[in-house]
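Fold and geometry: a report
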Amino acid sequence: MKRIGIIFTAVLILLLGNTAGAYAQQEQQQDKKQGKPEKQAKDKKQQQDQQNKQQQQRVQQQQDQQNKQQQQQDQNRQQQQRVQQQQDQNRQQQRLSQQEQQQRIEQQQRSVTQYRQNLDQQMRLAQQQTAQLQQQRRMAQYRFQQQYSERLRQQQVRLRNDLDHDYNRDPYYYTAPIYRYNRGGSYYQTNQYGADLLRQAVNYGYQEGFRSGQADRQDRWGSHYQDSYAYRDANYGYDGYYVQQDEYNYYFREGFRRGYEYHFNSHYQYGRYSNGIIRS
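These notes cover the structure that comes with them. The structure presented is a predicted model; accordingly, all values stated were derived computationally and were not measured.

1. Remarks on the environment of Tyr250
On the secondary structure map, Tyr250 appears in helix α7 (residues 245–267). The sequence separation of Tyr250 and Asn235 amounts to 15 residues, and the corresponding C-alpha distance is 9.8 Å.

Structural data, given as structure tokens:
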């Protein structure tokens with residue numbers, strides 16, 4: 001009996017050992033099965049992170065390349081501007097001969113004298129136009145003309161005080177022309193100083209035309225920019241120097257027309273006009 005008990009105990013231990021080993025192996029297999037999806041998910045996330053990083057690097061490289069190209073284009077443009085400025089300076093440094101310079105000065109002196117003689121006549125015309133506006137009860141246009149006349153008066157005071165203009169030191173009179181422009185089918189030439197004054201004429205004309213168009217719109221008056229005293233005068237900003245008076249007047253009126261039509265036509269979109277008056 002004792003021997004049988006020993007054998008039974010040994011068999012029991014063996015069975016328990018095998019059972020425990022089988023159970024442990026089963027647990028390991030289950031752990032492997034559970035760990036495999038987690039590992040796959042982790043590997044997939046790492047792969048996606050790597051792809052995102054590579055994509056970001058490619059995007060950054062493209063941006064760097066574009067920035068480099070833009071920087072190169074800016075440098076090229078700046079270089080071209082420097083070359084153009086140098087060329088303009090070289091042309092401006094070309095001086096007229098002493099004879100040509102003297103001829104230009106004498107012509108300018110005659111133009112200035114003639115212009116100053118016409119100042120009083122211009123003011124008389126302004127007074128006549130002012131009286132007409134009062135009769136028509138165009139008070140906004142009346143106020144605009146009063147302001148324009150005052151700017152002209154201040155300009156005339158400055159001109160009368162400028163009696164000792166130093167022509168010999170003024171670069172306009174010894175600088176060769178570098179600009180060529182067309183007006184009325186004819187071609188003219190001027191230098192940088194004359195061109196700047198003509199651009200000023202357009203800008204001043206546009207500003208005055210804008211104000212005049214605004215005044216006529218407020219007065220509910222028809223679009224007649226030619227009737228404005230400022231348009232007919234066209235001398236604001238002109239002091240008699242650098243360009244002929246008729247040239248300045250031409251470009252001033254071109255700017256005036258554009259400024260007037262822009263404000264009047266684009267801001268007043270209702271009503272009709274009859275006998276020169278806009279009626280709703």
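2. Notes on the pairing of strand β1 (residues 179–183)
Here five bridges tie β1 to strand β2 (residues 186–190), and the two strands are oriented antiparallel to one another. From the neighbouring strand, Asn182 faces β2, where its bridge partner is Tyr187. Here β1 folds back onto β2 in antiparallel fashion, the turn holding two residues, of which Gly184 has a positive phi close to 65°.

3. Things to note about unusual backbone geometry
In this structure, Arg220 takes a positive phi of about 55° despite not being glycine. The topology assignment puts Arg220 in the loop between α5 (192–218) and α6 (229–233). The backbone of Tyr242 shows a phi angle near 80°, a positive value even though the residue is not glycine. Inspection of the secondary structure puts Tyr242 in the loop between α6 and α7. A relative accessible area of 22% places Tyr242 in the partly exposed class.

4. Some details on helix α2 (residues 98–117)
For α2, spanning 20 residues, the distance from its first C-alpha to its last is 29 Å, which sits close to the expected 28 Å at 1.5 Å a residue. Of the positions making up α2, those classed as buried are Gln101, Arg104, Ile105, Gln108, Ser111, Val112, Tyr115 and Arg116. Taken around the axis of α2, the buried residues stretch over an arc of 130°, which confines them to a single face. For α2, the exposed residues lying more than 90 degrees away from the buried face are Gln99, Arg110, Gln114 and Gln117.

5. Focus: the pattern of salt bridges
For the structure shown, the criterion picks out eleven salt bridges. Between Glu208 and Arg151 there is a salt bridge, and its shortest N-O distance comes to 2.7 Å. Here Glu208, found in helix α5, pairs with Arg151, found in helix α4 (residues 139–161); they are 57 residues apart in sequence, far enough to count as distant. Pair check on accessibility: Glu208 and Arg151 agree, each one buried.

6. Brief notes about the nonpolar core
With 27 residues, the main nonpolar core has Tyr148, Tyr238, Val243, Tyr248, Phe252 and Phe256 as its most contacted residues. Breaking this core down by element, the ones donating at least two residues are α3 (119–135), α4, α5, α6 and α7. Broken down by element, this core gets its largest block of residues, six residues, from α7. Among residues more than four places away in sequence, those in contact with Tyr238 are Tyr115, Gln155, Leu159, Leu197, Val243, Gln244, Gln245 and Tyr248. If you look at the next biggest cluster of nonpolar residues, it comprises six residues, including Ile105, Val112, Tyr172 and Tyr173.

7. What about α3?
Since the α-helix advances by 3.6 residues per turn, residues separated by three or four positions end up pointing in the same direction. For α3, which comprises 17 residues, the first-to-last C-alpha distance of 25 Å matches the rise-based estimate of 24 Å (1.5 Å per residue) to within 8%. Phi turns positive one or two residues past the end of α3, at Arg137, with a value near 60°.

8. Here's the deal with the packing of aromatic side chains
Aromatic rings considered in pairs are described by the distance between their centres and by the relative angle of their planes. In the structure shown here, the tally under the stated rule is 21 aromatic pairs. Aromatic side chains Phe144 and Tyr148 sit 6.4 Å apart centroid to centroid with 35° between the ring planes, which places their arrangement in the tilted category. Placement of the pair is Phe144 and Tyr148 together in helix α4, with a separation of four residues, close to one helical turn. You can call Phe144 buried: its relative accessible area is 4%. On the accessibility criterion, Tyr148 (0% relative accessible area) is buried. Considering the side-chain rings of Tyr148 and Tyr236, the 6.2 Å spacing of their centres and the 65° angle between planes classify their relative orientation as edge-to-face. Taken together, the positions of Tyr148 in helix α4 and Tyr236 in the loop between α6 and α7 put the pair 88 residues apart, joining distant regions of the chain. Residue classification places Tyr236 among the buried positions, given a relative accessible area of 16%.

9. Focus: the packing of α3 against α4
Between α3 and α4, the shortest axis-to-axis distance is 10 Å and the interhelical angle comes to 170°. Classified by the interaxial angle, the pair formed by α3 and α4 is roughly antiparallel. Note that α3 runs across α4; the crossing there is left-handed. Where α3 approaches α4, its residues Leu119, Asp120, Gln122, Met123, Ala126, Gln129, Thr130, Leu133 and Gln134 are matched on the opposing element by Gln141, Tyr142, Gln145, Gln146, Ser149, Gln156, Leu159 and Arg160. Considered class by class, the residues forming the contact of α3 with α4 number six nonpolar, nine polar and two charged.

What counts, and at which threshold
Residues numbered from 1 in each chain as written. Predicted model: local features only at pLDDT ≥ 70, side-chain atom pairs only at ≥ 80, totals over all residues. Heavy atoms only, no water. Helix = DSSP H or I, 4+ residues; strand = E, 2+ residues; numbered from the N terminus. Pairing = 2+ DSSP bridges. Buried < 20%, exposed > 50% of the residue type's maximum accessible area, 1.4 Å probe, protein only. Expected span 1.5 Å × (residues − 1). Arc of directions from axis to C-beta. Salt bridge = Lys/Arg side-chain N within 4 Å of Asp/Glu carboxyl O. Core = buried A, V, L, I, M, F, W, Y, C linked by side-chain atoms within 4.5 Å. Contact = heavy atoms within 4.5 Å. Phe/Tyr/Trp six-rings, centres within 6.5 Å; stacked < 30°, edge-to-face > 60°. Axes fitted to C-alpha atoms, helices over the stretch in contact; angles between N-to-C directions. Parallel < 35°, antiparallel > 145°, perpendicular 65-115°, else oblique. Left-handed = near helix turned anticlockwise from the far one by under 90°. Nonpolar A, V, L, I, M, F, W, Y, C, P; charged D, E, K, R; others polar.

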